[in-house]
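# Structure assessment
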Amino acid sequence: RHRIEVKQTASYMISKSSSTLLFSFISAAVGLDCTGNDALLQVKYNITEDVWNNTRPSNIYALPFLLLQDNEQQQQRTEYGNFTDLVDFEKCLPRDECSTVVVAGLPTSTYDISFDGEHVEIGAEFHYEEKNPVTSTEVGTCIKPPPTCQDTEALVEVQFWSGQFSYRNNEFRIEDKHGDTILNGGSTSREYSSVIYSLNSTYACVARQNSCYTFLIGSGFEWNQGYSLPAYSLFFDGSLVHTNDSFQFDSAQFGDSCQPLCNQDNESLVELFLYDDDQFDFEYKWELKLLADDSSTPFASGEVSIGLNKSPLYHKTMCTPKQSCSSFLISAPEASGLNMPIYSLAMDDTIFREIQWYPGFNSQTPNNQTTTMGSCTVNGLCDVQTQDLFDLEVHTPAAYKFWDGRSSVMIPYGNVTWNFDYSDDEKRVPPISRSDALLSASHYISTAYKTGSSYRTIECVPKSKGDCDYSFNMTADSAVESYAVKKNGVQLVNTQGVEGLIWKNHDSFMTKLLMTPFGQSCSPPNPSKRGLSAGSIAGIVIACLLVLCLLICVIIMCLKRRRREERQNQRDEEDPLRETLL
């Protein structure tokens, strides 16, 4: 019975794929004799069933597979759902063409690749699942050699791996110390393929000495927690400089003359990333103001040009006074409701906002957005008569694992849920005029959180009419290492666990909360005395109405049946002969 189940599984795997996969299974069994200009490709496996079982990940969807890509990017894929499916692979390939062999989900020590009778070293290696990598190896005649650099030059190489995503949504470039682009690739490069599991290498010869270069990369899609994500490796003069397989935006400096961008003693580094690959020509505008500066002139400002044949990736760094309070404003043109840029804003490695923005999409998403950063006070930022200063700092853990056991350097943004809202559940249920809490985590982070990082939110909020009108609420299972809430510069410590209502993704639900009242002399309300929320009451009322309607229907049916029986009895009494005949 076990053997029958295995055969059924193998048949299913073949039926899912193209007919060429069936040929792959047959060829492995009978062997191949290549003729003419073809040479034999062999992938031989030397893995035992025990090793197979011990190296299987907890993610059942990350199946091992072999993928063969020819010179024209046509792909053939064989999946290995069971140990019995793992048979040696053979195929005849043209010698004078370049083919790529991708093997995923197996230890690199458990398979060997040969072409035309000679051993081939396994190529570039990237993350696939928590136990095993995915590798990409070229065979045949691959005419993509790196350029030959002069003695005073060094070779820069960027290896970009598409992962399981076929869309062209990533852009990278390398700038010199003057800000000029010396190498770029990604969505604006026609040389980059749009097929899954493809590796592209880009090279440039640059000055080796007295140089500093900046690598920049960004993605136009929110970070996804899939099991094979886009990744890159950056090499300079033969050495690995940086690699990353989980990024929304990223940057790295390299060279022998790189210096800090700001004076670290008295300046703060503000870094802005924006990605928008829209094909229509328009501009975003932004400005950075120092709130203590009485001048109406912004401290810094700029425009981001978007459109066809323009780089979708924008990057800007600024140095502000260390203890200043800054206000960053970004605005989109009118009628730009179809644009969905992603932008990130950080100061001294603390992230204040990283979201996919929908400017002008509806009344809740206006065409401009303001972010406050730095050392701000209630007197310098807010109207002290009507407002208080809300200041939240969140620290994420150094390590994170998904439910299936995979480790990740990124945390899905939905796994950190907090809001600032009314303490009373009755008031917390938003009216039609608003569809979310007064403040919530998704207003500031809607991509992903980085492990071992700091996040901060500074806002002026309505002043409480009583001591406990408002509260800060974080779900008890949020993936945070620690957090601190301040009101007007004073940290609030009166946090208690309660069962309460919280908003997440424009929907509300009851869950365990860590509630911090936004006041100095009050305690969180006792959940046992809070009564039912408006949503609960509405649900009870609807249920009662349904039960009442059902009872009315039953009563009406019973009355109709009783009337029919009475009419029948009356006819029987009037016609006794009919009863005798019956």
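Calculation rules
- Residues numbered from 1 in each chain as written.
- Predicted model: local features only at pLDDT ≥ 70, side-chain atom pairs only at ≥ 80, totals over all residues.
- Heavy atoms only, no water.
- Pairing = 2+ DSSP bridges.
- Helix = DSSP H or I, 4+ residues; strand = E, 2+ residues; numbered from the N terminus.
- Axes fitted to C-alpha atoms, helices over the stretch in contact; angles between N-to-C directions.
- Disulfide = S-S within 2.5 Å.
- Buried < 20%, exposed > 50% of the residue type's maximum accessible area, 1.4 Å probe, protein only.
- Core = buried A, V, L, I, M, F, W, Y, C linked by side-chain atoms within 4.5 Å.
- Contact = heavy atoms within 4.5 Å.

Moving on to the sheet that holds strand β8 (residues 124–127). As summarised here, the arrangement of the five strands in space is β3-β2-β5-β9-β8, forming an open sheet in which the pairing is antiparallel. A strand with exactly one partner marks an edge of an open sheet, and here the two such strands are β3 (75–79) and β8. Taken over all neighbouring pairs, the strand axes of this sheet differ in orientation by 15 degrees on average, direction set aside. Relative to strand β5 (residues 98–104), strand β2 (residues 65–69) runs antiparallel, the two being bridged by five bridges. Bridging from a neighbouring strand, Gln 69 pairs with Thr 100 of β5.

Our next topic: the sheet that holds strand β26 (residues 387–395). An order of β21-β18-β23-β24-β33-β26-β35-β36 is seen for the eight strands of this open sheet, with the pairing classed as mixed. With partners counted over all chains shown, the strands left at the sheet margins are β21 (313–321) and β36 (490–492), one partner each. Direction aside, neighbouring strands of the sheet carry axes that sit 25 degrees apart on average. Bridge count between strand β23 (residues 342–347) and strand β24 (residues 350–356): six bridges; the pairing is antiparallel. Residue pairing for β24: Ser 344 is matched across the bridge by Glu 354.

Attention shifts here to the state of the cysteines. Per the counting criterion, the structure on display carries seven disulfides. Two residues, Cys 382 and Cys 460, share a disulfide whose sulfurs are 2.0 Å apart. Between Cys 382 and Cys 460, the disulfide has an S-S torsion of -90 degrees and is therefore left-handed. Here Cys 382, found in the loop between α4 (378–381) and β26, pairs with Cys 460, found in strand β33 (residues 454–462); they are 78 residues apart in sequence, far enough to count as distant. Overall, Cys 460 belongs to the partly exposed group, its relative accessible area being 23%.

Here we come to the nonpolar core. Among the nonpolar cores identified, the biggest contains 31 residues, and Phe 390, Trp 418 and Tyr 449 are the most heavily contacted of them. Of all the elements in the fold, those that place two or more residues in this core are β26, β29 (410–412), β30 (418–422), β32 (448–450), β33 and β34 (470–475). Those residues in contact with Trp 418 that lie beyond four places of it in its chain are Phe 390, Leu 392, Leu 439, Ser 440, Ala 441, Tyr 444, Tyr 449, Thr 457, Phe 472, Asn 473, Met 474 and Ile 502. Counting residues in each nonpolar core, the second largest holds 28 residues, with Leu 274, Trp 286, Ala 332 and Tyr 343 among its members.

Right, let's get into the pairing of strand β1 (residues 38–45). Relative to strand β4 (residues 89–94), β1 is paired through six bridges, and the arrangement is antiparallel. Bridge pairing in β4 links Leu 40 to Cys 92. Where β1 lies against strand β6 (residues 111–115), five bridges are found, and the strand directions are antiparallel. Residue pairing in the sheet places Gln 42 in a bridge with Ser 114 of β6.

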